[in-house]
Amino acid sequence: MTHDEPTPRSEETRLDSWKAIAAHLKRDVRTVRRWETFEGLPVHRHLHHSQSTVYAYTTEIDAWSVTRQPRHEDVPALRRPIRALAFAAVLTLSLLSTADTPFSAQAGAAQQGDGRSAMTTRRVWSPAPDSLSDVPSTDGRSLIYGDKETGHLVVRNLATGENRHFTNKGPSGIATGAADYPLISPDGQQAVYAFWGGRYDLRLVPLSAATSGAPPRILLSNDDVGFAEPEDWSPDGKQILAALDRKDKTTQLALISVADGSVRVLKTLDWRWPTGGRFSPDGRYVAYGIQLTRDSPNEDIFVMATDGSREATLVAHPAVDEVLGWSPDGKRILFASDRTGNPGAWSIEVVEGRPHGVPELIKSDIGNIAPLVGSTRDGALYYLAQTGTQDIYIASLDPAEGNVTVPPAPMNPRSLGGGKLDATWSPDGQYLAYRSRSSSAGPLRIRSMMTNEERDLSPNFRLNPLTRRGRLKWSPDGRFLLAPGTDDKNRRGLAQIDAHSGAVISIVVQEQGQGEPMHGVWSADGKAIFYVLSDPSAVVGSGIRVRDLETGRDREVYRPALASSISWDSHLALSPDGRRLAFVSNRQTEMAGNPANEQTLLVIPATGGDPRELLKVHKRIVDEWNGLASIEWTRDGNHVLYSWNRELWKISVMGGEAQRLGLASTAARLTSVSVHPDGQRIAFAAGDPTKQEVWVMENFWPAAAASR
Amino acid sequence: MRATIGLFVCLALAAAVAQGAARGSPLLGLDLYMPVPEESPMTAERIELGRQLFHDRRLSRDGSVACSSCHDPERAFSDSRPVAVGVFGRRGHRNAPALVNRGYGRAFFWDGRAAVLEEQVLQPIQDENEMDLTLAEASVRMELPADEISRALASYIRSILSGDSPFDRFVHGDRGALSAEQQRGLQIFRGKGNCTACHVGPNFTDEQFHNTGVAWLEGGFSDRGRAAVTGRREDEGAFKTPTLREAALSAPYMHDGSLATLDAVVEFYENGGRKNPTLDPEIRTLRLSEDEKQAIVAFLQSLSGRIQDGVQ
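Counting of residues starts from 1 at the beginning of each chain's written sequence and follows it residue by residue. A letter from A marks each chain and a number from 1 marks each ligand, given out in the order of writing. Local features in this predicted model are restricted to residues of pLDDT 70 or higher, and side-chain atom pairs are both shown and tallied only at a pLDDT of 80 or more, whereas totals for entire chains, interfaces and linings draw on every residue. In computing side-chain properties, one takes all heavy atoms of the structure into account and sets aside hydrogens as well as water.

Colleague: Sorry, what's going on with the overall build of chain A here?
Modeller: The secondary structure listing takes helices from DSSP runs of H or I that are at least 4 residues long and strands from runs of E that are at least 2 residues long, numbered from the N terminus. Secondary structure assignment for chain A yields five helices and 54 strands. Going through the 708 residues of chain A one by one, you find that 56% of them count as buried. Whether two residues are in contact is decided by their heavy atoms: any pair within 4.5 Å suffices. Put simply, 48% of the contacts in chain A that link residues at least 6 apart link residues at least 24 apart. Only carbon and sulfur atoms are counted for the fraction: they give 49% of the accessible area of chain A, which is about 28900 Å². For each residue, the accessible area found with a 1.4 Å probe, counting protein chains only, is set against the maximum for its type, and the residue is called buried under 20%, exposed over 50%, and partly exposed in between. Reported accessibility uses the Shrake-Rupley method at a 1.4 Å probe radius. Residues are deemed covered only where the shown protein chains occlude them.

Printed below as a string of structure tokens:
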């Protein structure tokens, strides 16, 4: 298998080895390999069955050299080594520190080659809260975001650091729904946002509502629109560019009138979701990115006239290219691209909605960033930088006692970060399948534990980026992986993925108006799967079913008691003999006047029947990362393992006191526990991928482009 | 040089303005953007020329047929016969599909052998079972270069639109636009019926190719469909998903016109299509009740709206 190879350009010289790359840069091989690892030196790879070969283009190398910042040659590594304290009963998992940002931890200042004013990067807000929604926006003075804990919108004054909560305040101050994807209007007077209150709609609220209490106005509420994500305000403040998720699962790029909420659909995009839609400063065009095909992570960028009269391909490259924003003069577009192997910031000239010239590298190695909408209007780029990470660790167990005997070590200390999650052993124990958050690393990777070789699968099935809808599960014969995700027609459900070819067959698909299938596990004979079906609102698990794979028929094996549901975090675990299912039931309650969950670890016969309670705990709802999670059986079927409060525990299926396994994390959650078939090893994911900071990059445009 | 560029920009802007004016506002339910090749802008003059060519029988060898002979404007630009009948009464192999909203298409003909309308419109002229002229002959007869015939016909076909149907009004908030039965049909269409596995978006087509088994007869494919273009085994018997806009007007159905009514089409899918080695995995037995089948047909009838063609 090979990665997509960039199309060679005639003026380029290709360097086909580390030695050639080192000679070109007049450095030794060790140095350039370090630069590739830590500074984004653009080196490409052919991945072969047993090894990889490298190559590079001189133009890309030279461009990197020009923009390269002096980095921390004295900093040992982006990823600090794990301190395995063999003598300690409790381990501390040392994770990536927040100082290790995609850019320099020092406020970076780069002298540009042509003597222009120096590009700078500086941290604006650190640490940004975990509850910060995925897509905040800013006008350079304020930052607005949806708070995932409370559902409120929050406006943060970037100069003073003052936060103001507003919208959705009920009598008790508890949100009556959840607000997200907020965008500040160009005049800074109001915000548009998506609101979930049993269904999605788009709302407008004046920013003065934080003090005046002015109610929001519903801008778009349509039964045929399942979800609407505002992408950008038109510069005149009269229209909202939005992505719409229609009930037939197709997506549309649409203009919504701020005056009356009327919708004009610019373009229907079948089942693909557009990214980074941005108005040009004159309002005549919108730029957006989109996957070319559903079975490839690669995205290209397009520019469309807002009157619908034409569209042009702006950036076409076998890479993930995503819009970051327009230059203030509207003559260039800034975009992120991983065409060199690592994400970099590039720009390209735009004339009358069409590309002009070739992309120029602005900044290499920008890391995994999410641009804040609206931030480039004044020539700066505000962005969220993920500073946390998650990795997979392997520890040894005493099968008799179930205690950790050899402390955990990261599975692959040389691999780059990006958040790995959900590792699972194959039935013969020779392979470990895991998922990565990094799009460039492929969505699914299988590692041979004998040779350490890794191969990527790119199934035409979008794996859920989190494990809250289930984990990877090998079929008993080791031929397939069962996974939760979204198929090529935007239908959520469970699919089996061929572990060799990546071919996908949907097994259970969510039907219109029905709940979402999730948390699938194979039966012991591989002829059926057990899964959790959510309620139609996809908020809680409402039952456990078993699907006969030959007949396609379902049977319910468990339905939660009234006011209870099945936990999304805990997963569903089948005992090694295939006769019992373990899972966690949730019931809403209160702790000291705050909303809380009562969580009960239950075991039921796989054929259905009354549950047996093993354990009951309480947690605050907002304490999202510390509930009962990662249910797994020991190989002898005598105990159930689970993580609780950042620590791994076991409890006998006969009942009794829970016992610590001697595996804890001071700073991170333990999740995705998988016990090796020999019962002597355990794999798990640990870390906190939600850590993030807000940064700003300035003075990166050419002088002309920076003016309006 | 600068003057040349300026002239080019002016011409491009003029073309764009003319294009917008010629197309008018899209009907309710249709995208604002329609892909139009830059070298073939839609001007009012070109659309009108295309309309005249579309109805002109001189484009056939014996002067007996025009494009409109098989794409009848009264039937949503489709044909009431199972397969097209061309010059000298020659019969074609496939049904002439409805031409509404083809400007939004991404592949043309049932097998997708044409990538753009400019390419598509010339093929029936040259097909011996349809109009049977060489392009040189057509050019002489019409006193137009072949590429202008192509652009004019393509521009006219792009102007043929269907929208503003009861369904469109319903999804834009008019909850009374569909009857209760039609609303139930819509729900089945998107749910239990699994129709939206292929019939999606404003035009109710994914513009992809699927083997539903229509071509599987007596243990073999009577028509290779998409495979005749790609040569791939998995494309055997696969045909492009047609639009369902104006479905009530465009009988008979399927690539061979073998199903006479919408009821017959629903019954065909109720039975899981026709089993064959490369049947699309989305096609499966539906287990619909009679009421549910009727509801789907009622919903399909709600896709008949306002048809417009030519310069608006």
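Colleague: Hey, could you run me through the interface of chain B and chain A in this one?
Modeller: Note on interface size: it is often stated as the accessible area lost on association of the parts. Each side of the interface is counted separately: chain B has 27 residues, and chain A has 29 residues. Buried surface at the junction of chain B and chain A, both sides included, amounts to about 2300 Å², of which 45% is carbon and sulfur. Each reported salt bridge corresponds to a side-chain nitrogen of Lys or Arg within 4 Å of a carboxyl oxygen of Asp or Glu. Counting the contacts that link chain B with chain A gives five salt bridges. In this structure, E38 of chain B and R354 of chain A form a salt bridge, with 3.0 Å as the shortest nitrogen-oxygen distance. When the residues that make up the side of chain B that touches chain A are grouped by side-chain class, the tally is nine nonpolar, seven polar and 11 charged. Two parts placed together each lose some accessible area under a 1.4 Å probe, and the buried area is that loss summed for both. For this scheme, ten residues count as nonpolar: Ala, Val, Leu, Ile, Met, Phe, Trp, Tyr, Cys and Pro. Four count as charged, namely Asp, Glu, Lys and Arg, and the remainder, Gly too, count as polar.

Colleague: What is the right way to read the confidence of the model for chain A from this model?
Modeller: Residues and elements named next belong to chain A. Looking at chain A as a whole, the pLDDT averages 79, with 77% of positions reaching at least 70. At the level of individual helices and strands, chain A shows its lowest average pLDDT in strand β4 (residues 108–110), which scores 47, and its highest in strand β16 (residues 251–257), which scores 97. What pLDDT expresses is the predictor's confidence in each residue, scored from 0 to 100. Below pLDDT 50 for its whole length, residues 47–52 participates in 11 contacts with residues either more than four positions away or in separate chains. In this model residues 67–113 is a low-confidence stretch, pLDDT under 50, and it forms 115 contacts with partners more than four residues away in sequence or in other chains.

Colleague: How should empty space enclosed by the protein be read in this particular structure?
Modeller: Think of a ball as big as a water molecule: rolled over the atoms, this probe shows where empty space is left. All names here are of chain A. Cavity means a closed set of points on a 1 Å grid over the protein atoms alone, one where a 1.4 Å probe fits but cannot get out, pocket means an open set with protein on both sides within 12 Å along at least 5 of 7 lines, and lining means a residue has an atom within 4 Å of a point. Grid points are joined across faces, edges and corners, and a volume is the space filled by probe spheres set on the points. Counted under the stated rule, the structure contains six cavities of 30 Å³ or more. Roughly 40 Å³ of internal volume is contained in the second largest cavity. Lining of the second largest cavity is provided by A194, Y200, D201, L202, L220, S221, N222, V225, F227 and A228. For the lining of the second largest cavity, the residue count by class is seven nonpolar, two polar and one charged.

Colleague: What exactly am I supposed to notice about the pattern of salt bridges here?
Modeller: It is possible for side chains of opposite charge to pair when their charged atoms get near one another. This structure, assessed with the given rule, holds 57 salt bridges over all chains. D678 of chain A is paired through a salt bridge with R681 of chain A; the nearest N and O atoms lie 3.5 Å apart. The partly exposed category is assigned to D678 of chain A, whose relative accessible area is 33%. For R90 of chain B, the salt bridge goes to D132 of chain B, with nearest N and O atoms at 3.3 Å. With a gap of 42 residues between them, R90 of chain B in the loop between α3 (67–70) and α4 (117–120) and D132 of chain B in the loop between α5 (122–126) and α6 (135–142) connect regions that are remote in the sequence. Residue classification places R90 of chain B among the partly exposed positions, given a relative accessible area of 30%.

Colleague: Would you explain the sheet that holds strand β19 (residues 285–291) of chain A in this entry?
Modeller: The strands that make up a sheet pair up through hydrogen bonds in the backbone, lying either parallel or antiparallel. Residues and elements named next belong to chain A. Reading across the sheet, the four strands line up as β18-β19-β20-β21 and stay open at both edges, with antiparallel pairing between neighbours. Two strands in the sheet have a free side with no partner beyond their single neighbour: β18 (275–279) and β21 (311–315). Strand-to-strand, the axes of this sheet are offset by a mean angle of 25°, without reference to chain direction. Here strand β20 (residues 299–305) runs beside β21; their pairing, made up of four bridges, is antiparallel. Counted as the bridge partner of V303 is A312 from β21. Any two strands with at least two DSSP-identified bridges between them are counted as paired. A fitted line through C-alpha atoms represents every axis, and for helices the fit uses only the stretch in contact; the resulting angles, taken between N-to-C directions, go from 0 to 180 degrees.

Colleague: Even after reading the chapter, I still don't get helix α11 (residues 262–270) of chain B, so can you show me in this structure?
Modeller: One turn of an α-helix holds 3.6 residues; hence residues three or four places apart share an orientation. All names here are of chain B. Buried within α11 we find L262, V265, V266, F268 and E270. In the core, the buried residues of α11 are packed alongside α12 (290–301). One or two positions beyond α11, positive phi appears at G272, with a value near 75°.

Colleague: What is the right way to read the nonpolar core from this model?
Modeller: When a protein is soluble and globular, its nonpolar side chains tend to lie buried together. Residue and element names in this part refer to chain B. Among buried residues, those of type Ala, Val, Leu, Ile, Met, Phe, Trp, Tyr and Cys that are joined through side-chain atoms within 4.5 Å constitute a nonpolar core. One finds L53, F54, L59, I125, I149 and L153 to be the most contacted residues of the largest nonpolar core, which totals 37 residues. Counting residues per element, the ones that place at least two in this core are α2 (44–54), α5, α6 and α7 (146–159). The greatest single-element share of this core, amounting to six residues, is contributed by α7. Not counting the four nearest positions on each side in its chain, I125 is found in contact with L59, M131, D132, L133, A138, I149 and L153. In terms of nonpolar packing, the next biggest core, distinct from the first, is built from 29 residues, F167, A251, V266 and L303 among them.

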